[in-house]
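In case you want the letters, here they are:
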Amino acid sequence: MAAGGGRRHDASPECFLASMGSAKAAVEVLLFGALRERAGWARRSQPLAHHPPGLTPGALWRELGLAGADEIVGRDALPAGTRVAVNRQFASANTVLQAGDEVAFLPPISGG
Amino acid sequence: VADGDPPLQLRLHAARFDPLAALAEWHRELRRSGTAGAAESHFIGRVRATDQRGQPLESLELEHYPGMTEAQIERLAAAAGRRHGLRAVRVDHRVGRLLPDEPIVLVAVLADRRGAAQRGCRDLLEGLKHEAPFWKREWSRGVGTWLNGNTPL
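Analysis parameters
Residues numbered from 1 in each chain as written. Chains lettered and ligands numbered in written order. Predicted model: local features only at pLDDT ≥ 70, side-chain atom pairs only at ≥ 80, totals over all residues. Heavy atoms only, no water. Helix = DSSP H or I, 4+ residues; strand = E, 2+ residues; numbered from the N terminus. Contact = heavy atoms within 4.5 Å. Areas by Shrake-Rupley, 256 points an atom, 1.4 Å probe, with all protein chains shown as cover. Salt bridge = Lys/Arg side-chain N within 4 Å of Asp/Glu carboxyl O. Buried < 20%, exposed > 50% of the residue type's maximum accessible area, 1.4 Å probe, protein only. Expected span 1.5 Å × (residues − 1). Phe/Tyr/Trp six-rings, centres within 6.5 Å; stacked < 30°, edge-to-face > 60°. Lys NZ or Arg CZ within 6 Å of the ring centre and 35° of its normal. Core = buried A, V, L, I, M, F, W, Y, C linked by side-chain atoms within 4.5 Å. Axes fitted to C-alpha atoms, helices over the stretch in contact; angles between N-to-C directions. Parallel < 35°, antiparallel > 145°, perpendicular 65-115°, else oblique. Left-handed = near helix turned anticlockwise from the far one by under 90°. Nonpolar A, V, L, I, M, F, W, Y, C, P; charged D, E, K, R; others polar.

Asks: Just to check I follow, could you spell out the overall build of chain A for this structure?
Replies: Of regular secondary structure, chain A possesses three helices and five strands. Each helix and strand of chain A, placed in order from N terminus to C terminus, yields the pattern α-β-α-β-α-β-β-β. Contacts in chain A between residues far apart in sequence, at least 24 positions, make up 50% of those at least 6 positions apart. Surface summary for chain A: the accessible area is close to 6200 Å², and the carbon and sulfur share equals 57%.

Structure, rendered in structure tokens:
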């Protein structure tokens, strides 16, 4: 009884942390509007292990080949009007991404 | 978004909505919660009949970022509320495919004075236009064109 209870008590947080650990070794990348259509995908899980430490949205932009044909290749800067959101808040393209972050590239906004 | 911010009623509609019915629902909620103010300002935006080049528009598609849209409108309403001393805010916004003349947006604010109400309504609408994650695509003759920003004020 005590051992079983102890096992449950010990095991479940470990399983939980292990599953969180693998899920969080990546960032979730989202594209919208014209960017989504140009890239041909809307959402992708990008393993952090594929990138050097200190990954930023600007670096992801370049490494995922998201730049348009008329953009200067090899820069981390986003084109004018394109914005970044990290975890559903506007953020700088220089933000260092953490495991589990949701990063979105937003083409020029037209609401209202 | 903090405790003192004005209460926000937010509705994102995937199908046509009636702005006057939305206002009536908001008024019922204001009465229920005992929220009073002498000045109200409303804005209703509808789909234009022509596209950016002046050609007849067949339909307008509105994409958004579920989750961020709601969070961002809450932040914009809270900021406008603090700046103008608003007492309550209502926002309705369409997503999906819209036909010409259909309502896209309703912004309604309650304040104590007309200046605060009108400025608060305008600020919040401009926030929705430029700072909320919505994207419009105009469809004309079967061809879709993403808009690269907003029409002038």
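Asks: How do you make sense of the pattern of salt bridges when you look at a structure like this?
Replies: Opposite charge on two side chains permits pairing when their charged atoms draw close. Tallied over the full model, the rule gives 17 salt bridges over all chains. For arginine 137 of chain B, the salt bridge is made with glutamate 37 of chain A, and the minimal N-O distance between the two is 2.8 Å. Here arginine 137 of chain B is found in strand S7 (residues 134-140), whereas its partner glutamate 37 of chain A is found in helix H2 (residues 33-39) on a different chain. For arginine 137 of chain B, a relative accessible area of 8% translates into the label buried. Under the relative-accessibility criterion, glutamate 37 of chain A is labelled partly exposed at 39%. Note that arginine 87 of chain B is salt-bridged to aspartate 112 of chain B, the shortest N-O span being 3.8 Å. Here the residue arginine 87 of chain B occupies a position in the loop between helix H2 (68-84) and strand S4 (88-94), and aspartate 112 of chain B occupies one in the loop between strand S6 (103-111) and helix H3 (114-131), the gap between them amounting to 25 residues. Taken together, the shared-partner salt bridges in this structure form one network comprising Glu28, Arg43, Arg88 and Glu102 of chain A.

Asks: Hey, could you run me through H2 of chain B in this one?
Replies: Residues and elements named next belong to chain B. Here H2 is 17 residues long and its end C-alpha atoms lie 24 Å apart, about the 24 Å a rise of 1.5 Å per residue gives. Those residues of H2 that fall on the buried side of the exposure criterion are Met68, Thr69, Gln72, Ile73, Leu76, Ala77, Ala78, Ala80, Gly81 and His84. Trailing H2 by a residue or two, glycine 85 shows a phi angle of about 65 degrees, which is positive.

Asks: Explain the packing of aromatic side chains to me, please; I cannot follow it from the model alone.
Replies: In this description, an aromatic ring pair is defined by two values, namely the gap between the centres and the angle between the planes. Summed over the entire model, instances satisfying the criterion amount to three aromatic pairs over all chains. Taken together, the ring pairs connect Phe32 of chain A together with Tyr65 and Trp135 of chain B into an aromatic cluster. When the ring centre of phenylalanine 90 of chain A is taken as reference, the NZ or CZ atom of arginine 83 of chain A above it lies at 3.8 Å.

Asks: Got a minute to help me understand the nonpolar core in this structure?
Replies: Most often, soluble globular proteins have nonpolar side chains that are buried together. Residue and element names in this part refer to chain B. Ranked by size, the top nonpolar core spans 28 residues in total, and within it Val107 and Leu124 carry the most contacts. For this core, the secondary-structure elements that each account for two or more residues are strand S3 (59-64), H2, S4, S6 and H3. Residue contributions to this core peak at six residues, all from H3. What valine 107 contacts, discounting residues up to four positions off in sequence, is Ser41, His42, Phe43, Arg90, Cys121, Leu124, Leu125 and Leu128.

Asks: Just to check I follow, could you spell out the packing of H2 of chain B against H3 of chain B for this structure?
Replies: Relative placement of two packed helices is described by the angle separating their axes and the distance separating the axes. Residues and elements named next belong to chain B. For the pair H2 and H3, interaxial distance at closest approach is 9 Å and the crossing angle is 150 degrees. The orientation of H2 relative to H3 falls into the category roughly antiparallel. Note on packing geometry: the crossing formed by H2 with H3 is right-handed. Between H2 and H3, the contacting residues are Gln72, Ile73, Leu76, Ala77, Ala80, Arg83 and His84 on the first element and Ala116, Arg119, Gly120, Asp123, Leu124, Gly127, Leu128 and Glu131 on the second. Among the residues making up the contact of H2 with H3, the classes are represented as seven nonpolar, four polar and four charged.

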